[in-house]
Amino acid sequence: MSQESYSEGDLRNTGMSLKHDREWDYELDRIVDAVEERDADKVGLQFPEGLKRRGPRVADDLREILPDDVTVVISGQPCYGACDLDTYLMRRTDVFVHFGHSPMKESDKIIYVPLFSNVEVLPSVDRAIDEELAGDDVGLVTTAQHMNRFEEMREHLEDAGYTVHTRKGDDRLTHEGQVLGCNYASADIDADQILYVGGGKFHPLGLAMEHPDKKVVIADPVNNVLTVADTEKFMKQRYGAVHRAMDAEKFGVIFCTKIGQGRWDQAEEIVDNNDDAYLITMDEVTPDRLRNFDMDAFVNTGCPRITTDDGPQFHKPMLTPQEYRIAIGEEPLDALEFDTFHGTW
Ligand code: SF4
């Protein structure tokens, strides 16, 4: 699953080698201060999937500098975003540290350590300027990993003569110009082209679908790849899923119990209006977990990326709430939009 997981340095599909060494600041001093302040005896650590293998080393470093009687616990739950806090571990520890994502909602109990990338972004921005950007106006967005370089990128574009348009999205986003795999509100700006600086092909695809009137230029500074988002193949995949669900009678409607992925109203509305729809609650939504349900199609009200990125892996069509409405004839096919998620909890 891609979602918000760390993709940096994941070169499996690129045939390229790493251009930069990765180094992150785990902000151990901040954690030690919090332990002292709260006289904590249990510390919970949560890493995104791509950084889990570093967990034991971070725990070792912490154990060395923390008092002997402090227990360090690493979350083994899957984690793809700040929407996905291990609430079980959080309740059972005095200090809970979430690595790799910017806060979706602040809380005294949680320390968010963003782990900004140390990758140079300006060479990618220069390539975008040389090869794809035109005109005088450009929108600028990036993911949490490169947020520490946002001002640098803005100034660089301004120095190149562009008027740079940015905005802060809704309260699911921490920073101006930040996008999530489920939220592109920061790209609602007055420019015909948007420069997306970051990795992963799904983030900018969602962005391009949300803003079909804009050219979305993708500059990936980690893998040094420059492309323009093309939604056609992606749209075909979605139309395919909707078509296959048009004959469905029994729908499994998934309500995700992860703290920042629940859209109860949308799930409830579907089952209230369809006697052949069944509400299914679960945290991690995977093909294996749904295989034994005798349904003709599923509707996912949790993380939109599960539907769009992993949809083809499920044994039955997996739809977004809007795609469900299209499949049952409540909305026309050409109304299809990217499923976005707003607000927190
Ligand atoms: S719900 Fe949004 S923030 Fe959470 S994992 Fe999915 S795309 Fe990322």
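If you're wondering where the values come from, they're calculated on a predicted model, not measured in any experiment.

## Overview of the domain arrangement of the chain
Looking at the assigned domains, one finds that the chain contains domain 1 (28-113), domain 2 (122-230) and domain 3 (234-335). Between domain 1 and domain 2, the C-alpha centre-to-centre distance is 31 Å. Across the contact, five residues belong to domain 1 and seven residues belong to domain 2. For the side of domain 1 that touches domain 2, a count of residues per class yields two nonpolar, three polar and no charged.

## With respect to the sheet that holds strand β10 (residues 251-256)
What the four strands build is an open sheet, ordered β11-β10-β12-β13; its pairing is parallel. One side of each edge strand has no neighbouring strand; the edge strands of this open sheet are β11 (277-282) and β13 (318-319). Two elements, β10 and β11, share six bridges in a ladder whose sense is parallel. Bridged to Val253 within β11 is Leu279.

## Some words on the sheet that holds strand β2 (residues 71-74)
Pairing within the open sheet is parallel, and its four strands lie in the order β2-β1-β3-β4. Two strands lie at the open edges of the sheet, namely β2 and β4 (110-113), each paired on one side alone. The average angle at which neighbouring strand axes cross in this sheet is 20 degrees, direction not considered. Relative to β2, strand β1 (residues 42-46) runs parallel, the two sharing four bridges. Within β2, the position partnered with Gly44 by the bridge is Val73. Contacting β1, β3 (95-99) and β4, helix α1 (residues 28-38) crosses the sheet at an angle of about 160 degrees to β3. Its contacts with the sheet place helix α2 (residues 55-65) against β1 and β2, and it is angled at close to 170 degrees to β2.

## Observations regarding the site of the ligand
The environment of the ligand is made up of 13 residues, and the closest members are Gly81, Cys83, Gly181, Cys182 and Cys303. Of the residues assigned to the shell around the ligand, the class counts are six nonpolar, four polar and three charged.

Each value, and the rule that gives it
- Residues numbered from 1 in each chain as written.
- Predicted model: local features only at pLDDT ≥ 70, side-chain atom pairs only at ≥ 80, totals over all residues.
- Domains from an automatic or database assignment.
- Contact = placed C-beta atoms within 7 Å.
- Nonpolar A, V, L, I, M, F, W, Y, C, P; charged D, E, K, R; others polar.
- Pairing = 2+ DSSP bridges.
- Helix = DSSP H or I, 4+ residues; strand = E, 2+ residues; numbered from the N terminus.
- Axes fitted to C-alpha atoms, helices over the stretch in contact; angles between N-to-C directions.
- Near = placed C-beta within 6 Å.

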